[in-house]
Amino acid sequence: MEIKFAASGDIEKIFELSALNFDWTKEGIEGAFKSKNIILKAEENGRLVGFLIAADLVDSYNLLLVAVKEEQRGKGIASKLIEKLEELAKEKDIEKIWLEVRESNFKAIGLYQKNNYKNIYTRKKYYFDGENALIFEKEI
């Protein structure tokens, strides 16, 4: 498996995988490529198996999306994507990486905790359906 920067030619495949897990539109994914974002992809035998999108906010990264194909889950791909983001952060002297996650998304919460992210805050009724968002952070 290889982790590398995604290119605009990856938009369709990233959107297809994103649509299985998130409510981002194709325009949102396209916009991520046009904005100041870090977009990483995980490939196995030339096929996309996962991706990560993070916003570069000058002194921190905001981890926006991490997705792995269902049949590839449990192989550490999401952790490898996060580790690569952390390497990039160290190279740029980024102080922290933060993210928000639904409090009911136990698999994602477990992933972040396994990678030493700490729950620092709860945003009450953050999502459209009234669910809380947990804010996680890791100092780099």
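In the block above lies the structure referred to throughout.
One structure accompanies this document, and this report is about it.

Rules of the game
- Residues numbered from 1 in each chain as written.
- Predicted model: local features only at pLDDT ≥ 70, side-chain atom pairs only at ≥ 80, totals over all residues.
- Heavy atoms only, no water.
- Salt bridge = Lys/Arg side-chain N within 4 Å of Asp/Glu carboxyl O.
- Helix = DSSP H or I, 4+ residues; strand = E, 2+ residues; numbered from the N terminus.
- Buried < 20%, exposed > 50% of the residue type's maximum accessible area, 1.4 Å probe, protein only.
- Phe/Tyr/Trp six-rings, centres within 6.5 Å; stacked < 30°, edge-to-face > 60°.
- Core = buried A, V, L, I, M, F, W, Y, C linked by side-chain atoms within 4.5 Å.
- Contact = heavy atoms within 4.5 Å.

**Points about the pattern of salt bridges**
One pass over the full model with this rule turns up twelve salt bridges. Linking E137 and K96 is a salt bridge whose minimum nitrogen-to-oxygen distance equals 3.4 Å. On the criterion of sequence distance, the pair formed by E137 in strand β7 (residues 133-139) and K96 in strand β5 (residues 96-102) is long-range, its members being 41 residues apart. Given the relative accessible area of 30%, K96 is considered partly exposed. Through salt bridges with shared partners, one network takes in E2, K4, D10, K41 and E43.

**Quick notes on the packing of aromatic side chains**
Counted under the stated rule, the structure contains three aromatic pairs. With centroids separated by 6.2 Å and ring planes inclined at 45°, the aromatic side chains of Y112 and F136 adopt a geometry described as tilted. Placement of the pair is Y112 in helix α4 (residues 106-114) and F136 in strand β7, with a sequence separation of 24 residues. Its relative accessible area of 8% is what places Y112 among the buried residues.

**Considerations on the nonpolar core**
Counting 28 residues, the largest nonpolar core has L52, Y61, L63, L85, V101, Y112 and F136 as its most contacted members. Among the elements of the structure, β2 (37-44), β3 (47-56), β4 (60-68), α3 (77-91), β5, α4 and β7 are those that each provide at least two residues to this core. The greatest single-element share of this core, amounting to seven residues, is contributed by α3. Those residues in contact with L85 that lie beyond four places of it in its chain are I38, L40, L52, A54, Y61, L63 and I97. Residues A6, I11, L17 and F51 belong to the second largest nonpolar core, which totals twelve residues.

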